[in-house]
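Listed here are the chains, written in short residue letters.
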Amino acid sequence: MSAFIEATKWPAGFEPDDTTSLLQCVIVNERSAAGQSVGLHAHQTGQFVVALSGLVGLAYGKKREALPASSAVWVPPGMRHEGFLGEGAVSLYCHINPEWADMMPAELLRLQLSPMVIEMLKRFAVLPRRYPEKSHEARLAAVLFEELAAAPKLQIGFAPLPEHPELKRIVEKIVSDPQLSRPVADWAAEAAMSTRTLSRLVLRETGLSFGVWRLRIAMLSAAQMLLAGEHAEVAAARLGYATPSAFSSAFRRIFGVSPSAFRESGRVERAAAP
């Protein structure tokens, strides 16, 4: 992987396979050094990979997917995967014991999380990871698990991330500057390939056309802007839409809600490491 996207690095002392805890959470904002990640691996526990800010995603099988802020992926016990972060990104991992995991589906799922659930997850990231079975914390953990299990289910694929080095560089630039007005021919020339070759490469590695793929990557930035409190007009201008209404239409097609509704109902503070 490039220096921009690297595997997550567990904070010291965190034990993801601790099956004695009903539910434990940890905020992760560190990345493994290039070439030092553990690669695809599995856990005895089930886990929710939560995107708090920046480029957060999950690798599984031969696929790598970036997640919009305020969403999560459910990873069943035993499923091989690897979490990753872009530069400056923050994620949260919530691990649950195998007994509770058995009540969840046996396949990957993407979930849309409410602000209340996000705040509960962040609260558990600073609580002791072991607590008595009938304690207040255990009752809260049960409520949090019920909320996670009931969260709206979405398609797992959102913004596929490619392996090709030139496409990785394009991802980096789109994330840092999500302007959509740049012609495809300019991207192709920068990557030293023809427009047709670039389009075929993107389709082969992501299953999407260049335009749709670029829009999904750019919308990661738009969603983060809205959750940080920016208005749709600001996000529309940043992405290069001629009018806020055009941006709103595109946003609604992807997220199923208007930018204003997403901003108000899904606003989340930028997370900081505990």
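Peer 1: I tried to follow the packing of helix α4 (residues 165–176) against helix α7 (residues 210–227) on my own but got confused; where do I start?
Peer 2: When two helices pack together, you describe them by how their axes are tilted relative to each other and by the distance separating the axes. Two numbers describe how α4 lies on α7: the axes approach to 9 Å, and their chain directions differ by 40 degrees. Looking at the two axes, α4 sits oblique to α7. Considering the relative orientation of α4 and α7, their crossing is right-handed. Each of Leu167, Ile170, Val171, Ile174 and Val175 in α4 lies in contact with α7, whose residues at this interface are Trp213, Arg214, Ile217, Ala218 and Ser221. Across the contact of α4 with α7, the residue classes tally to 8 nonpolar, 1 polar and 1 charged.

Peer 1: When you look at the pairing of strand β4 (residues 56–60) in this model, what are you seeing that I'm missing?
Peer 2: Both faces of the sheet carry side chains from a regular strand, because those side chains alternate between them. In terms of burial, β4 is largely enclosed, as 5 of its 5 residues are buried. Burial of β4 is two-sided: the residues Val56, Leu58 and Tyr60 facing one way and the residues Gly57 and Ala59 facing the other way are all buried. Relative to strand β5 (residues 63–67), β4 runs antiparallel, the two being bridged by 5 bridges. Bridging across to β5, Leu58 finds its partner in Glu65. Taking the residues between adjacent antiparallel strands as the criterion, β4 and β5 are bridged by 2 residues, where Gly61 takes a positive phi near 60 degrees. Where β4 meets strand β7 (residues 82–86), 4 bridges bridge the pair, whose relative direction is antiparallel. Looking across to β7, one finds that Ala59 is bridged to Glu82.

Peer 1: Please clarify how the confidence of the model for the protein should be interpreted in this entry.
Peer 2: Close reading of the predicted structure is inappropriate where its pLDDT is low. Confidence along the protein averages 87 in pLDDT terms, with 94% of residues attaining 70 or more. Every residue in residues 267–274 scores below 50 in pLDDT, and together they form 19 contacts with partners more than four places removed in sequence or on other chains.

Peer 1: I'm lost on the pattern of salt bridges in this one. Help?
Peer 2: Oppositely charged side chains are able to pair whenever their charged atoms sit close together. One pass over the full model with this rule turns up 8 salt bridges. Salt-bridge contacts for Glu15 lead to Arg130; the nearest nitrogen and oxygen are separated by 3.6 Å. On the criterion of sequence distance, the pair formed by Glu15 in the loop between β1 (5–7) and β2 (23–28) and Arg130 in the loop between α2 (115–124) and α3 (136–150) is long-range, its members being 115 residues apart. Judged by relative accessible area, Arg130 falls into the exposed class, the value being 54%. A salt bridge links Glu119 to Lys122, with the nearest nitrogen and oxygen atoms 3.4 Å apart. Here Glu119 pairs with Lys122, and both are found in helix α2, just 3 residues apart, close to one helical turn. Judged by relative accessible area, Glu119 falls into the partly exposed class, the value being 38%. Residue Lys122 is classed as buried on the basis of its relative accessible area of 15%.

So, how was this worked out
- Residues numbered from 1 in each chain as written.
- Predicted model: local features only at pLDDT ≥ 70, side-chain atom pairs only at ≥ 80, totals over all residues.
- Heavy atoms only, no water.
- Axes fitted to C-alpha atoms, helices over the stretch in contact; angles between N-to-C directions.
- Helix = DSSP H or I, 4+ residues; strand = E, 2+ residues; numbered from the N terminus.
- Parallel < 35°, antiparallel > 145°, perpendicular 65-115°, else oblique.
- Left-handed = near helix turned anticlockwise from the far one by under 90°.
- Contact = heavy atoms within 4.5 Å.
- Nonpolar A, V, L, I, M, F, W, Y, C, P; charged D, E, K, R; others polar.
- Buried < 20%, exposed > 50% of the residue type's maximum accessible area, 1.4 Å probe, protein only.
- Pairing = 2+ DSSP bridges.
- pLDDT = per-residue confidence, 0-100.
- Salt bridge = Lys/Arg side-chain N within 4 Å of Asp/Glu carboxyl O.

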